[in-house]
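Okay, here's what each chain looks like letter by letter:
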Amino acid sequence: MVNRVAVLSDIHGVLPALEAVLAEPDVAAADLIVLTGDIAAGPQPVEVLDVLAELGDRVCWVGGNADRELVEARAGHPASIEVSNWAAGQLRDDQVARLGALPTTVTLEIDGLGPTLFCHATPRDDEEVVLVDSRLARWAEVFDGLPAEVSTVVCGHTHMPFTRLVDRRLVVNPGSIGMPYGGAGAWWALLGPGVQLRRTTFDVDTACARVAAESAFPDAAAWADEYLRSQHSDADALTVFGPRDGR
């Protein structure tokens with residue numbers, strides 16, 4: 001039984017945002033930090049992975065599609081996203097090995113929430129899309145085969161925070177640390193005994209300047225300006241993602 005869990009998703013290689021969240025008292029005091037994928041694909045991949053690795057057993061790692069794509073890109077199968085191909089080339093061999101070994105799901109017993117399954121997109125696939133307003137039939141499809149005792153599912157992938165019930169099962173998306181849609185800041189969740197969706201604010205101007213100065217990614221300044229400033233609204237994201245949930 002774990003009492004308090006901080007969930008960090010979709011960090012996407014943004015060190016200032018990660019550092020801001022790790023400095024939160026509730027994150028520092030949590031029994032466990034769970035990462036729900038897309039950890040390093042961004043402008044500061046090596047630095048982000050090193051900071052998380054230094055936390056040792058306090059961190060439980062779950063892989064996402066972007067983590068898998070970094071490993072594939074390193075093996076000669078390029079990703080469709082420029083920053084991912086660049087990031088893959090920056091990683092050390094030990095970091096590639098870590099990402100390649102990440103599980104796609106982890107289940108933990110959490111105080112007040114019961115058996116809780118952590119995944120990136122859905123329990124069965126690391127890149128399919130479900131949204132806060134996905135119809136129940138879609139949720140039933142992606143949860144098909146999930147053990148009945150799993151009472152809570154925590155996912156990421158779409159970079160927008162929400163909680164909702166799906167036929168008596170609680171679903172939580174903490175939002176994104178490094179690429180938030182709908183509002184600047186680093187979004188995360190605190191679990192146990194209930195669910196708190198949290199946002200950590202930080203000086204975005206300073207963070208953008210740091211990413212531009214510290215990253216060797218050629219488009220780091222533009223990338224930071226687009227994503228750390230959350231130029232894409234949740235309405236924009238839902239419009240793009242909507243067709244991918246089968247609607």
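Everything here concerns the structure above.
Residues numbered from 1 in each chain as written. Predicted model: local features only at pLDDT ≥ 70, side-chain atom pairs only at ≥ 80, totals over all residues. Heavy atoms only, no water.

With mixed pairing, the 5 strands of this open sheet are ordered in space as 3-2-1-9-10. Edge strands, defined here as strands with exactly one partner in the open sheet, are strand 3 (59–62) and strand 10 (195–200). Looking at each pair of strands side by side, their axes are set apart by 25 degrees on average, direction ignored. The pairing of strand 1 (residues 5–8) with strand 9 (residues 186–191) spans 3 bridges and is antiparallel. When the bridges of strand 9 are listed, Val5 appears paired with Leu191. (Pairing = 2+ DSSP bridges. Helix = DSSP H or I, 4+ residues; strand = E, 2+ residues; numbered from the N terminus. Axes fitted to C-alpha atoms, helices over the stretch in contact; angles between N-to-C directions.)

Quantified by volume, the largest pocket comes out at close to 610 Å³. His12, Ile81, His159, Met179 and Tyr181 are, among the 27 residues lining the largest pocket, the residues nearest its centre. Counting residues per element, the lining of the largest pocket draws most heavily on helix 10 (residues 234–241), at 4 residues. Each residue belonging to the lining of the largest pocket can be placed in one class, and the counts come to 13 nonpolar, 7 polar and 7 charged. (1 Å grid on protein atoms, 1.4 Å probe; cavity = no way out; pocket = protein on both sides within 12 Å on 5 of 7 lines; lining within 4 Å. Points joined across faces, edges and corners; volume = space filled by probe spheres on them. Nonpolar A, V, L, I, M, F, W, Y, C, P; charged D, E, K, R; others polar.)

Pairing is mixed across the open sheet formed by 5 strands, whose spatial order is 4-5-6-8-7. Each edge of the open sheet is held by one strand with a lone partner, namely strand 4 (105–110) and strand 7 (162–166). Each adjacent strand pair in this sheet contributes to an overall mean axis angle of 20 degrees, direction not counted. In the sheet, strand 6 (residues 152–154) pairs with strand 8 (residues 169–173) via 3 bridges, with the strands oriented parallel. Pairing of Thr152 across the sheet is with Leu170, part of strand 8.

To continue, consider the packing of helix 1 (residues 15–22) against helix 8 (residues 204–214). Two elements in contact, helix 1 and helix 8, have axes separated by 9 Å at closest approach and are oriented at 130 degrees. Comparing their axes, helix 8 and helix 1 come out oblique. The residues of helix 8 that touch helix 1, namely those facing Leu15, Pro16 and Glu19, are Ala207, Arg210 and Val211. (Parallel < 35°, antiparallel > 145°, perpendicular 65-115°, else oblique. Contact = heavy atoms within 4.5 Å.)

What follows is about the packing of helix 3 (residues 45–53) against helix 6 (residues 93–100). Viewed as axis vectors pointing N to C, helix 3 and helix 6 meet at an angle of 70 degrees, and their least axial separation amounts to 11 Å. Comparing their axes, helix 6 and helix 3 come out roughly perpendicular. Two secondary-structure elements touch here, helix 3 through Val46, Leu49, Asp50 and Ala53 and helix 6 through Gln95, Arg98 and Leu99.

On to the environment of Arg68. Note that Arg68 resides in helix 4 (residues 65–74). C-alpha separation for the pair Arg68 and Asp57, spaced 11 residues apart in sequence, amounts to 22 Å. Among all residues touching Arg68, those that are not within four sequence positions of it are Asp126 and Glu127.

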